[in-house]
Amino acid sequence: MSATTSESDPAWAPVPGVTGPVARTARRPLDDESFALLIGAVAFVVCAIVAVFVFWGREVPIDGRQSLGDFTAIAGAVAAALSFALSRLRPRPDSEGSAPHATATRFWWIDLVALSAAYGTIALLGWIGVATILNHSFLGATVFATPAVVLAAAATALSAYLAFVSGAGLSPRHLSLVLAVFLVVGMVTAMLSSADPQWWQMNLSALGITHDISALTFNLTLIVSGVIVTTIARFGTASLPAWTTTERRRRAVVRAFFILLGVLLACVGIFPVDRFFLLHNTVATGMCVAFAVLVIGLPWLVPTMPTAFTVLGFVYVGVIIVLSLLFAAGIYNLTAVELVSALLIFSWIILFLRNVQNVPHRRDEQTARRS
């Protein structure tokens, strides 16, 4: 790049004292941001054109069938999924000439499809939840065609922009945020849209047995969350030490338990409790058991994990056991036990993703001691 180009375009100006691949890496966030804005603009135009044909000549309800909320949710989901996939498929200057690792190549397409579906589902459930809240706030209100087109296009553009930006900077910590947001959005949407206001008197799984959008939302949240956890099994454990055969085996065991947690969680949504009572309860109980075994075995599997996090895991397991005993004694109902247990398990997974990147490698420790 010439000096003239650098002076005329500050966005591409090199960082003082930095050259080569590092300089290209320093410029890449600007490239991603500009590209994300372009993707959002394209999504706005495309959605606006489609919305004109869908909404023109009529007043649109905020929520329900053939409503502004449904159209925005579907358009936002498609835009978010495609934008995330594009952010991962887009070539990156700092990766030119580097050969991908064999393991990464084997799982790459699975990760791409799973996370694209997750981002699309987050947008879908998020806009459905917003529409539900607005519908309760503006009872009986409808939206004219022109503002409906603008609102739908703006929401779709925002979904595309956020998905691209998030995908461009994907990391285990980003995955923890995606999982947290997805679970909150999915569960709150299922609760808000439930046709039975007394669902909580039975159990949490009662949200998945109604014949409305609540059941679809609840079960879809569990299934996609399970897919995200299985994806986390590779991304989240990639930074664990693997210099020796023992360390590689331990990392494989941690990955296997995360995959098991994800599969069991997805099965909870695949097999609703009203049609598969025994199987549903079996996989739900198995998920709690797998979590407890993983937490108890973590000091041996990852000895360098921060002590505070290891102790926190034991506290979580103890709380779940105490809640189960209180339920058996008739003090707590099943919904309270399930909600708290689910919160503890998923918060532990999220904290694991945020702590695992700080796990020191044994070879790094030896190098530091020698120096």
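About the criteria used
- Residues numbered from 1 in each chain as written.
- Predicted model: local features only at pLDDT ≥ 70, side-chain atom pairs only at ≥ 80, totals over all residues.
- Heavy atoms only, no water.
- Helix = DSSP H or I, 4+ residues; strand = E, 2+ residues; numbered from the N terminus.
- Buried < 20%, exposed > 50% of the residue type's maximum accessible area, 1.4 Å probe, protein only.
- Contact = heavy atoms within 4.5 Å.
- Areas by Shrake-Rupley, 256 points an atom, 1.4 Å probe, with all protein chains shown as cover.
- Axes fitted to C-alpha atoms, helices over the stretch in contact; angles between N-to-C directions.
- Parallel < 35°, antiparallel > 145°, perpendicular 65-115°, else oblique.
- Left-handed = near helix turned anticlockwise from the far one by under 90°.
- Nonpolar A, V, L, I, M, F, W, Y, C, P; charged D, E, K, R; others polar.
- 1 Å grid on protein atoms, 1.4 Å probe; cavity = no way out; pocket = protein on both sides within 12 Å on 5 of 7 lines; lining within 4 Å.
- Points joined across faces, edges and corners; volume = space filled by probe spheres on them.
- Patch = residues over 30% accessible without salt bridge, like charges linked within 9 Å, V, L, I, M, F, W, Y side chains within 5 Å.
- Salt bridge = Lys/Arg side-chain N within 4 Å of Asp/Glu carboxyl O.
- Core = buried A, V, L, I, M, F, W, Y, C linked by side-chain atoms within 4.5 Å.
- Lys, Arg positive; Asp, Glu negative; His and termini not counted.
- pLDDT = per-residue confidence, 0-100.

**Some points on the overall build of the protein chain**
Reasoning step 1: A tally of helices and strands in the protein chain yields 12 helices and two strands.
Reasoning step 2: Taken from the N to the C terminus, the helices and strands of the protein chain come in the order α-α-β-α-α-β-α-α-α-α-α-α-α-α.
Reasoning step 3: Taken across its 371 residues, the protein chain has 43% of its residues classed as buried.
Reasoning step 4: Sequence separation of 24 or more characterises 77% of the internal contacts of the protein chain that already satisfy a separation of 6 or more.
Reasoning step 5: When the accessible surface of the protein chain is summed, it comes to about 19,100 Å², and 70% of that surface belongs to carbon and sulfur atoms.

**Thoughts on the packing of helix H9 (residues 277-301) against helix H11 (residues 334-356)**
Reasoning step 1: Between H9 and H11, whose axes approach to 11 Å, the crossing angle comes to 40°. When the axes of H9 and H11 are compared, the pair comes out oblique. Considering the relative orientation of H9 and H11, their crossing is left-handed. Across the interface between the two elements, Cys288, Phe291, Leu294, Val295 and Leu298 from H9 touch Ile345, Trp348 and Phe352 from H11.
Reasoning step 2: Of the residues in the contact of H9 with H11, the class split is eight nonpolar, no polar and no charged.

**Describing the environment of Phe257**
Reasoning step 1: By the element assignment, Phe257 lies in helix H8 (residues 245-270).
Reasoning step 2: When the C-alpha positions of Phe257 and Val293 are compared, they lie 8.7 Å apart, and in sequence the two are 36 residues distant.

**Focus on empty space enclosed by the protein**
Reasoning step 1: Tallied over the full model, the rule gives one cavity of 30 Å³ or more.
Reasoning step 2: If you add up the space inside the largest cavity, you get close to 40 Å³.
Reasoning step 3: For the lining of the largest cavity, the elements supplying multiple residues, two or more each, are H8 and H11.
Reasoning step 4: Looking at the lining of the largest cavity element by element, the count peaks at three residues for H11.
Reasoning step 5: Of the residues assigned to the lining of the largest cavity, the class counts are seven nonpolar, no polar and no charged.

**Description of the environment of Val50**
Reasoning step 1: Within the secondary structure, Val50 is located in helix H2 (residues 21-55).
Reasoning step 2: Since its relative accessible area comes to 42%, Val50 is described here as partly exposed.
Reasoning step 3: Along the backbone, Val50 and Val149 are 99 residues apart, and their C-alpha atoms lie at a distance of 8.7 Å.

**Regarding the environment of Trp199**
Reasoning step 1: Relative to the helices and strands, Trp199 resides in the loop between helix H6 (172-192) and helix H7 (213-235).
Reasoning step 2: Looking at Trp199, the relative accessible area reads 10%, which means it is buried.
Reasoning step 3: For Trp199 and Ile209, which are 10 residues apart along the polypeptide, the C-alpha to C-alpha distance reads 9.9 Å.
Reasoning step 4: The residues contacting Trp199, other than those within four sequence positions of it, are Met191, Ser194, Leu204, Ala206, Leu207 and Thr335.

**What to know about the layout of surface pockets**
Reasoning step 1: Within this model, the largest pocket holds a volume of roughly 950 Å³.
Reasoning step 2: Around the largest pocket, the lining comprises 35 residues; the ones closest to its centre are Leu204, Glu338, Leu339, Ser341 and Ala342.
Reasoning step 3: Listed by contribution, the elements that provide at least two residues to the lining of the largest pocket are H6, H7, H8, H9, helix H10 (307-328) and H11.
Reasoning step 4: The dominant element in the lining of the largest pocket, judged by the number of residues it contributes, is H11, at 11 residues.
Reasoning step 5: Per-class residue counts for the lining of the largest pocket are 26 nonpolar, eight polar and one charged.

**Brief notes about a nonpolar patch on the surface**
Reasoning step 1: A cluster of nonpolar side chains, namely Phe44, Val45, Ile49, Val52, Phe53, Trp56 and Val150, defines an oily patch on the protein surface of about 740 Å² accessible area.
Reasoning step 2: Counting residues per element, the nonpolar patch draws most heavily on H2, at five residues.
Reasoning step 3: Structurally, Val150 is set in helix H5 (residues 145-168).
Reasoning step 4: Looking at Val150, the relative accessible area reads 46%, which means it is partly exposed.

**Looking at the nonpolar core**
Reasoning step 1: In this structure, Leu179, Ile228, Phe258, Phe291, Trp348, Ile349 and Phe352 are the most contacted members of the largest nonpolar core, which totals 62 residues.
Reasoning step 2: The contact partners of Phe291, leaving out residues within four places of it in the chain, are Leu261, Tyr316, Val317, Ile320, Ile345 and Trp348.
Reasoning step 3: By size, the runner-up hydrophobic cluster in this structure holds 15 residues, among which are Cys47, Ala51, Phe55 and Phe71.

**Some points on the side chain of Arg250**
Reasoning step 1: Relative to the assigned elements, Arg250 resides in helix H8.
Reasoning step 2: The charged side chain of Arg250 is buried without a salt bridge, its nearest counter-charge being Glu247 at 6.3 Å.
Reasoning step 3: Arg250 has contacts with Trp300, Leu301 and Pro303, leaving out every residue within four places of it along the chain.

**With respect to the confidence of the model for the protein chain**
Reasoning step 1: When pLDDT is averaged along the protein chain, the result is 78; 81% of the residues meet or exceed 70.
Reasoning step 2: Here residues 94-107 is a poorly scored stretch, pLDDT under 50, and it has six contacts once near neighbours within four places are set aside; other chains count.
Reasoning step 3: For residues 362-371, every residue scores under 50 in pLDDT, and the model assigns this stretch four contacts once sequence neighbours within four places are set aside.

**Some remarks on the packing of H10 against H11**
Reasoning step 1: At their nearest, the axes of H10 and H11 sit 10 Å apart, and the two run at 170° to each other. In this view, H10 runs roughly antiparallel relative to H11, as classed from their interaxial angle. Across from Phe309, Leu312, Gly313, Tyr316, Val319, Ile320, Leu323, Ser324 and Phe327 in H10, the residues of H11 making contact are Leu334, Val337, Val340, Ser341, Leu344, Ile345, Ser347, Trp348, Leu351, Phe352 and Asn355.
Reasoning step 2: Of the residues in the contact of H10 with H11, the class split is 15 nonpolar, five polar and no charged.

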